[in-house]
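# Per-entry structural report
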Amino acid sequence: MNPWTAGRLLPGRHPKILFGWGYEDPRVELEAFPPGGRVLAIAAAGETVSALAGAGFDVTGVDINPVQLDYGRARLAGAPAVTGSAERLLAAGRAVLRGLDPRWRPHNVAEALRQGDLTPLLASKRLRGLLACGLAPLGLVLRPGFRRSIPPRLDQVLLNRLRRGLRDRPAANPWAWRLLTGRDELATAPEPRHARLIHTDVATHLEQVPRGWYQGVSLSNILDGPDATYAARLERALAHALKPGAVVVLRSFREPAPRQDAGPVDRAMLWGVVEIRRMGAS
């Protein structure tokens, strides 16, 4: 079972825009994929799809959420970003934090980003307390598949990821501005891009294309939630749809296993593992 399908399309629940912005750094895909050719990505907010299309790839984007897919299509046509569920949740957290700690007021955070020193803000006891209280209930509301991918003490894990990600030129990192201020002031105006967007489950799509059709696939963190049956199905679909030497990019919230390489740097700072897998490699 694919929990992304279940979570978005439960009877009586209307799909909605979950992500108004992307929280994945498409530079990872741009550096990992062989130049040109056909590639597949989860549509989400349209940003990875747009970056790949702008780099000359023949891109297909898929999403099981029809509202999110329509939004991605609008972004590809040049529409500005809108506020999704993720952005509303982040905005609520920032508003609470501003009330608890004046150092987190927008102008202070913006100045810290420009100066490149976020240490005092990240050391805030109010921030640590808010993260601990806000993230503790996750284990009660997430499905079992997702819970297995969430590290213990996620509050501390996320703080450590932010500390690492904000060490080097935070003012030039659009995801730092998005997460900490709710602004996208470093982003350029969206340019229209052409890509094929399909409303479907990614495993179903991969099963239906001709063998060896793609040379790159970006799967976001789709394997963070599924049960073993869906994960095995997706693996078989990838083996069918990707040519030898093709590249798969997978992200995960989980922490790396012992002696596991965490993968390339993703400037979004949220991911514990960014896996680059080459088909046919041992």
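Above this text is the structure in question.
These lines cover the structure that appears in this document, whether it is placed above or below. Keep in mind that what you see is a predicted model, and the values were worked out from it rather than measured. (Residues numbered from 1 in each chain as written. Predicted model: local features only at pLDDT ≥ 70, side-chain atom pairs only at ≥ 80, totals over all residues. Heavy atoms only, no water.)

## A few points about the pattern of salt bridges
The following threshold applies: Salt bridges are defined by distance alone: a side-chain nitrogen of Lys or Arg within 4 Å of a carboxyl oxygen of Asp or Glu. The helix and strand labels rest on DSSP assignments: H or I over at least four residues marks a helix, E over at least two residues marks a strand, and numbering proceeds from the N terminus. Exposure classes here rest on a 1.4 Å probe applied to the protein chains alone. A residue is buried below 20% of its type maximum, exposed above 50%, and partly exposed in between.
One pass over the full model with this rule turns up 17 salt bridges. Of the charged contacts, one joins Asp25 and Arg267 as a salt bridge, the two residues approaching to 2.7 Å between their closest N and O atoms. Of this pair, Asp25 sits in the loop between helix H1 (3-8) and helix H2 (27-32) while Arg267 sits in the loop between strand E5 (242-252) and strand E6 (273-278); the two residues are 242 residues apart in sequence, bridging distant segments of the chain. Across the pair Glu255 and Arg161 runs a salt bridge, and its minimum N-O distance is 2.7 Å. Residue Glu255 is located in the loop between E5 and E6, and its partner Arg161 is located in helix H11 (residues 154-165); the two are separated by 94 residues in the primary sequence. A residue is classified by how much of its surface remains accessible, and Glu255, at 34% relative accessible area, is partly exposed. One network of salt bridges, with partners in common, ties together Glu24, Glu29, Arg251 and Asp266.

## Side note on empty space enclosed by the protein
Selection rule: As defined here, a cavity is a set of points on a 1 Å grid over the protein atoms alone where a 1.4 Å probe fits but cannot get out. A pocket is an open set with protein on both sides within 12 Å along at least five of seven lines, and residues line them when an atom is within 4 Å of a point. Grid points are joined across faces, edges and corners, and a volume is the space filled by probe spheres set on the points.
Applying the stated rule across the entire model yields one cavity of 30 Å³ or more. Taken as a whole, the largest cavity spans an internal volume of roughly 50 Å³. As for the largest cavity, its lining consists of Arg94, Arg98, Trp104, Pro106, Leu180 and Thr181. Those elements that provide at least two residues to the lining of the largest cavity are helix H5 (85-100) and helix H12 (174-181).

## Considerations on the nonpolar core
What counts is decided by this rule: By convention a nonpolar core is built from buried Ala, Val, Leu, Ile, Met, Phe, Trp, Tyr and Cys residues, the set being connected through side-chain atoms within 4.5 Å. Note on contacts: a residue pair qualifies if any of its non-hydrogen atoms lie within 4.5 Å across the two residues.
One finds Val59, Trp104, Leu113, Leu118, Leu122, Leu166 and Leu180 to be the most contacted residues of the largest nonpolar core, which totals 44 residues. Every residue in contact with Val59, bar those within four places of it in the chain, is listed here: Val39, Val49, Leu52, Ala53, Ala195 and Arg196. By size, the runner-up hydrophobic cluster in this structure holds 20 residues, among which are Leu40, Val217, Leu219 and Leu238.

## Things to note about the sheet that holds strand E4 (residues 214-218)
Selection rule: Whether two strands pair depends on DSSP finding at least two bridges between them. The axes are straight lines fitted to the C-alpha atoms, using for helices just the contacting stretch, and the angles between their N-to-C directions are given from 0 to 180°.
A sheet is described by the order of its strands in space; here six strands give the open sequence E3-E2-E1-E4-E5-E6, paired in mixed fashion. Each end of this open sheet is capped by a strand with a single partner; those strands are strand E3 (196-199) and E6. Strand-to-strand, the axes of this sheet are offset by a mean angle of 15 degrees, without reference to chain direction. Sheet topology note: the strand E1 (residues 38-42)/strand E2 (residues 58-63) ladder contains five bridges and is parallel.

## Quick notes on unusual backbone geometry
The phi torsion at Ser220 lies on the positive side, around 50 degrees, for a residue other than glycine. Considering the arrangement of structural elements, one finds Ser220 in the loop between E4 and helix H14 (228-241). The residue Arg259 is not glycine, and still its phi comes out positive at about 70 degrees. Residue position: Arg259 is located in the loop between E5 and E6.

## Quick word on helix H4 (residues 66-76)
Let me state the cut-off plainly: To obtain the arc, one takes the directions from the helix axis to the C-beta atoms. Definition of a polar contact: a pair of N or O atoms within 3.5 Å, with one able to donate and the other able to accept a hydrogen when the atoms are protein atoms, and with sequence-neighbouring residues admitted only if both atoms are side-chain atoms.
Those residues of H4 lying buried are Gln68, Leu69, Tyr71, Gly72, Arg75 and Leu76. Buried residues along H4 cover an arc of 160 degrees about the axis, so they all sit on one side. On its buried face, H4 is in contact with helix H3 (47-54), E2 and E3. Here H4 starts with a cap whose side-chain oxygen sits 3.0 Å from the backbone nitrogen of Val67, and that cap is Asn65.

## A look at the side chain of Asp266
With respect to the helices, strands and loops of the structure, Asp266 is situated in the loop between E5 and E6. Only 2.8 Å separates the side chain of Asp266 from the backbone nitrogen of Ala268, close enough to count as a polar contact.

## Considerations on the packing of aromatic side chains
What describes a pair of aromatic rings is the distance from one ring centre to the other and the angle between the planes of the rings. As a reminder of what qualifies: Any pair of Phe, Tyr and Trp rings, taking the six-membered ring for Trp, is counted once the centres come within 6.5 Å. Such a pair is stacked with planes under 30 degrees apart, edge-to-face with planes over 60 apart, and tilted for the rest. A ring has a charge above it when a Lys NZ or an Arg CZ is no more than 6 Å from the ring centre and no more than 35 degrees off the ring normal.
Counting across every chain of the model gives two aromatic pairs. Their ring planes at 35 degrees and their centres at 4.6 Å tell us that Phe253 and Trp271 sit as a pair that is tilted. One end of the pair, Phe253, is in the loop between E5 and E6; the other, Trp271, is in the loop between E5 and E6, with 18 residues separating them in the sequence. A residue is classified by how much of its surface remains accessible, and Phe253, at 26% relative accessible area, is partly exposed. The ring centre of Trp213 lies 3.5 Å from the NZ or CZ of Arg38, which sits over that ring.

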